[in-house]
Amino acid sequence: MDELDWMKAPDYRNLKFRDVELSDHIPESFEEPDKLFDILIKELKTYHPSDDLEVINKAYKIAYEAHKDQKRKSGEPYIIHPICVAIILAQLEMDKETIIGGILHDVVEDTDYTLDDISDMFGDEVALLVDGVTKLTQINYNADKVEMQAENLRKMFLAMAKDIRVIMIKLADRLHNMRTLQFMKPEKQIEKARETMDIYSPIADRLGISKVKVELDDLSMKYLEPDIYNDLTEKLNSLRVEKETFISQIVRDVSRHIKEAGIEAEIDGRVKHLFSIFKKMRNQNKNLDQIYDLFAVRIIVEDDHSCYAALGVIHEMYKPIPGRFKDYIAMPKPNRYQSLHTTLIGPFGLPFEIQIRTYEMHRVAEYGIAAHWKYKEGKNGEHSVDSEEAKITWLRQILEWQHEMSDNKEFMSLLKSDLDLFSDSVYCFTPNGDVKNLPAGSNPIDFAYSIHSAVGNKMVGVRVNGNIENFDYEIQNGDRIEIITSQNSRGPSRDWLSMVKSTQAKNKINQWFRAEFKEENIARGRELIMEYCKTRGIPLNDFLKKEYMDVCVRKYGFRNWDSLLASVGHGGMKESQIVTRLQEEYNRKNKKEFGSKLLEDLEKNGKYVPSRAGGNEHGKKSGIIVEGMDDLAVRFSKCCSPVPGDEIVGFVTRGRGVSIHRTDCVNIMNMPEDDRRRLIEAEWRVSENPQEKETYATEIIVYTVNRSGLLLELTKIFTERGIGVDSMNVRTSKNDRATINIGFKVESKDFLRSLVEKIRSIEGVLDIERTSS
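Here the structure is a predicted model, which means the values were calculated and not measured.

The rules we used
- Position labels on residues start from 1 in each chain and follow its written sequence.
- Only residues with pLDDT of at least 70 are given local features in this predicted model, and only at 80 or more are side-chain atom pairs given and counted; all residues enter the totals for whole chains, interfaces and linings.
- Side-chain descriptors were evaluated using all non-hydrogen atoms of the structure, hydrogens and water having been removed beforehand.
- For helices the rule is a DSSP run of H or I covering at least 4 residues; for strands it is a run of E covering at least 2, with both sets numbered from the N terminus onward.
- Between buried and exposed lies partly exposed: a residue is buried under 20% and exposed over 50% of the maximum accessible area for its type, with that area taken using a 1.4 Å probe on protein chains only.
- Contacts between residues were defined by any pair of non-hydrogen atoms, one from each residue, lying within 4.5 Å.
- Residue-level accessible areas treat just the shown protein chains as cover; the underlying method is Shrake-Rupley with a 1.4 Å probe.
- Per-residue confidence from the predictor is given as pLDDT, running between 0 and 100.
- Salt-bridge detection follows one rule: a side-chain nitrogen of Lys or Arg within 4 Å of a carboxyl oxygen of Asp or Glu.
- The axes are straight lines fitted to the C-alpha atoms, using for helices just the contacting stretch, and the angles between their N-to-C directions are given from 0 to 180°.
- When the near helix sits turned anticlockwise from the far one by under a right angle, the crossing is termed left-handed; a clockwise turn instead gives a right-handed crossing.
- Note on residue categories: nonpolar means Ala, Val, Leu, Ile, Met, Phe, Trp, Tyr, Cys or Pro, charged means Asp, Glu, Lys or Arg, and polar means any other residue, Gly included.
- Working definition: roughly parallel below 35 degrees, roughly antiparallel above 145 degrees, roughly perpendicular at 65 to 115 degrees, and oblique for all remaining angles.
- Whether two strands pair depends on DSSP finding at least two bridges between them.
- In summary, the charge assignment counts Lys and Arg as positive and Asp and Glu as negative, without counting His or the chain termini.
- Here a polar contact means two N or O atoms within 3.5 Å. Within protein one must be a hydrogen donor candidate and the other an acceptor candidate, and residues neighboring in sequence count only if both atoms are side-chain atoms.
- Helix span is expected to be 1.5 Å times the residue number reduced by one.

1. Looking at the overall build of the protein chain
Phase 1: The helix and strand inventory of the protein chain stands at 33 helices and 23 strands.
Phase 2: Across the 773 residues that make up the protein chain, the buried fraction comes to 51%.
Phase 3: Contacts in the protein chain between residues at least 24 apart in sequence constitute 67% of all its contacts with a sequence separation of at least 6.
Phase 4: Of the roughly 36900 Å² of accessible surface on the protein chain, 47% is carried by carbon and sulfur atoms.

Here you go:
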């Protein structure tokens, strides 16, 4: 019985999507990209109606060229990552545009391609998807990771509202990154695993994509709770033979009785995944021996009637445990999951769970939004979206309160609270019999605001099951709740903010207080922004132009400038955020115009003709002078990582300033003749302040004999010189040789040269190369 493989320690090289083994698609020893691409095409052809997949091939070729000189932390070619992301999307049966977006999702962020380039080649639809998963790279918040994380998530949620396929690409991206997390530093592993557990796994859960959620959960747990993970794995493995026999017997008995009852069904058994078991142990404060439903039998039938018929058969066979029956068919979960769950006492007194659902319910349970709101191609080639997408109330709620909760740290705190994987739910009823799903511990105030903000704002009393109760009454499963309102109500109390459990209720209460004092808040916000600029000598009038203000308003999701000022006035946003955003938009606009002028001058005159003497400080801060000017927007290419002392050249990009390369960079040496006209002279600026020392990223490759203690001697050299190692990857070969890639920052080429000479003195070092492409 194949499903019994679930009882083994989780090995996600064997996880099945549509009965396709992922072990074929996860590169073991840096599998050839072309071979992986063939697997992608094979996957697409299993479900896609069109034989014309040339546009997929075009996207692959562009991504291959763009990433060809880049490596992952594992040392494998970077292109393997976007192909694996595309394969995951294909296994979820996504459309061609989503597959293309998966292949190109890092091109704009990590290479010289722009969104305009993507739009020109693949259309606005693909460009929107790529933009939705591209991190914001121009955020300046003094390296505050919480601020940057919040801004990137805001951008992603807004992009999701335009096209839900954005989150499908992001989840596939995160899933493959988690599978290869072993190549990251321990602290980075914990950081990424925590972010996955707090944000991405709950999002997959909210969208009902259990195939992705289960794997993200267990992989996150592996790094966040390694001792518990290993202990549970060991204990479940020790029970494997015994429990295989137990479940096999259950499946045989159930199959016989279901068949005798004339019900057609597929029946299998499994052990629940590790994080699900760990969550129950933690929430219920129990050990493994006290968890009832470690094992589950799943029955899949044709229709709803057969579900309840099968339930009757099961309850005749085994004794159900009181209070352990849940009807998610009559009352679906918010992510549209439907099934009957019942826990029973089996042979030898061992408890187990049975889940009964239809084939359609099973498809939605496994693939969630990918199954229910999936984009399908019509006969005319156009896309239509299931109208059910409009019913993703969770996403609408996040978009609604993120407009108001504009302080980034508050936004992250509320988002994590709303997505808490460890939180449970309670189900209750309105007087009309409608079901409401609320966080465990909710009270009537949460219930009132879940109906409508007007009901919560006018609430003066509550009846629970016909009895008057206090506002702090904790709602229980099955409660029938009636809210008493009055037009004479003065509105919510600030004390309610500390009483409610749901993010939705907190946001709507705050929203009421903000609306009540809007005019005062607008004036206060305007004063705070002016005072902030005055004390720092910032020329606010230069930035208060409608084009910059409109971008700022759209960025934070406000209706107009007054709404944004009101948010600053009541403390929802910081005045520093607004001023910084205005400054960045001003600088971005001027840099873009400057870049356009560069290209125009190069095309007309063969050189850049400066039109002003001062301006942007970006060039000065980067230590680069281009065509005699030190005020250009420049960035250092990642393909060759130039450092002071290297001979360099600039390449004029479209809309992104000048990209600085080493003259011996492979990309420059092999550049097509048509592009060489965009090369521009560049040199390192001599610092006017000797104390001013900037560092620049670089990477070397050390070829050595594979001997004990060599790595310790190597790292000791870096420690003695006070150099922090940003990345290190070690690979060994069969002929007892080792290749070590080391990424770090240095002040100059001379500094790098002395470091390399010192490394050469280590016994067993055969050669050292600096990455040149």
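2. Brief notes about the confidence of the model for the protein chain
Phase 1: The predicted model of the protein chain averages 77 in pLDDT, with 78% of residues at 70 or higher.
Phase 2: Least confident of the elements in the protein chain is strand 1 (residues 16-17), whose mean pLDDT is 36; most confident is helix 15 (residues 304-317), at 93.
Phase 3: pLDDT under 50 marks residues 136-144. Its contacts with residues more than four places away, or in other chains, come to 18 contacts.

3. Description of the pattern of salt bridges
Phase 1: For the structure on display, the rule yields 25 salt bridges.
Phase 2: In this structure, the salt-bridge partner of glutamate 65 is lysine 68, at a minimum N-O distance of 3.2 Å.
Phase 3: Residue lysine 68 is classed as partly exposed on the basis of its relative accessible area of 40%.
Phase 4: Across the pair aspartate 217 and lysine 213 runs a salt bridge, and its minimum N-O distance is 2.4 Å. Of this pair, aspartate 217 and lysine 213 both sit in helix 11 (residues 210-224), separated by 4 residues, roughly a single helical turn. Taken individually, aspartate 217 and lysine 213 each receive the classification buried, so the pair is uniform in this respect.
Phase 5: One salt-bridge network, held together by shared partners, links Asp95, Glu125 and Arg165.

4. Examining the packing of helix 6 (residues 115-122) against helix 7 (residues 124-133)
Phase 1: With their axes 7 Å apart at the nearest point, helix 6 and helix 7 run at an angle of 145° to one another. Seen along the crossing, helix 6 lies across helix 7 with a hand that is right-handed. Residues Leu115, Ile118, Ser119 and Phe122 of helix 6 pack against Asp124, Val126, Ala127, Val130 and Asp131 of helix 7.
Phase 2: Residues belonging to the contact of helix 6 with helix 7 are distributed by class as follows: 6 nonpolar, 1 polar and 2 charged.

5. Focus on the packing of helix 12 (residues 226-238) against helix 14 (residues 274-284)
Phase 1: In the contact formed by helix 12 and helix 14, the axes pass within 11 Å of each other and the chain directions differ by 110°. By the angle class used here, helix 12 and helix 14 are roughly perpendicular. Residues Ile228, Tyr229, Leu232, Thr233 and Leu236 of helix 12 form the contact with helix 14, whose participating residues are Leu274, Ile277, Phe278 and Met281.
Phase 2: When the residues that make up the contact of helix 12 with helix 14 are grouped by side-chain class, the tally is 8 nonpolar, 1 polar and no charged.

6. Focus on the sheet that holds strand 6 (residues 340-345)
What links the strands of a sheet is backbone hydrogen bonding, and the strands pair in either a parallel or an antiparallel sense.
Phase 1: Strand order in the open sheet formed by 5 strands is 3-4-7-6-5, with mixed pairing between adjacent strands. Every interior strand has two partners, whereas the edge strands, strand 3 (266-271) and strand 5 (319-327), have only one. Strand-to-strand twist of the sheet, defined as the mean angle between neighbouring strand axes without regard to direction, takes the value 20°.
Phase 2: Both strand 5 and strand 6 contribute to a ladder of 5 bridges, which runs antiparallel.

7. Quick notes on the side chain of aspartate 218
Phase 1: Structurally, aspartate 218 is set in helix 11.
Phase 2: Here aspartate 218 occupies a buried position and makes no salt bridge, while the nearest side chain of opposite charge, lysine 213, is found at 7.8 Å.
Phase 3: In terms of polar contacts, aspartate 218 uses its side chain to reach the backbone amide nitrogen of leucine 274, at 3.4 Å.

8. Looking at helix 1 (residues 33-45)
Phase 1: Between its first and last C-alpha, helix 1 extends 19 Å over 13 residues, near the 18 Å set by a 1.5 Å rise per residue.
Phase 2: Within helix 1, burial applies to Pro33, Leu36, Phe37, Ile39, Leu40, Ile41, Glu43 and Leu44.

9. Focus on the sheet that holds strand 13 (residues 467-468)
Phase 1: Ordered by their spatial adjacency, 3 strands build an open sheet running 13-12-14, and the pairing between neighbours is antiparallel. A single partner strand is all that each edge strand has here, and the edge strands are strand 13 and strand 14 (481-485).

10. Description of helix 20 (residues 444-451)
Phase 1: The buried count for helix 20 comes to 7 of 8 residues, which makes it a mostly enclosed element.
Phase 2: Along helix 20, the residues classified as buried are Pro444, Ile445, Asp446, Phe447, Ala448, Tyr449 and Ser450.
Phase 3: A side-chain oxygen of the first residue of helix 20 lies 2.9 Å from the backbone nitrogen of isoleucine 445; this N-cap is asparagine 443.

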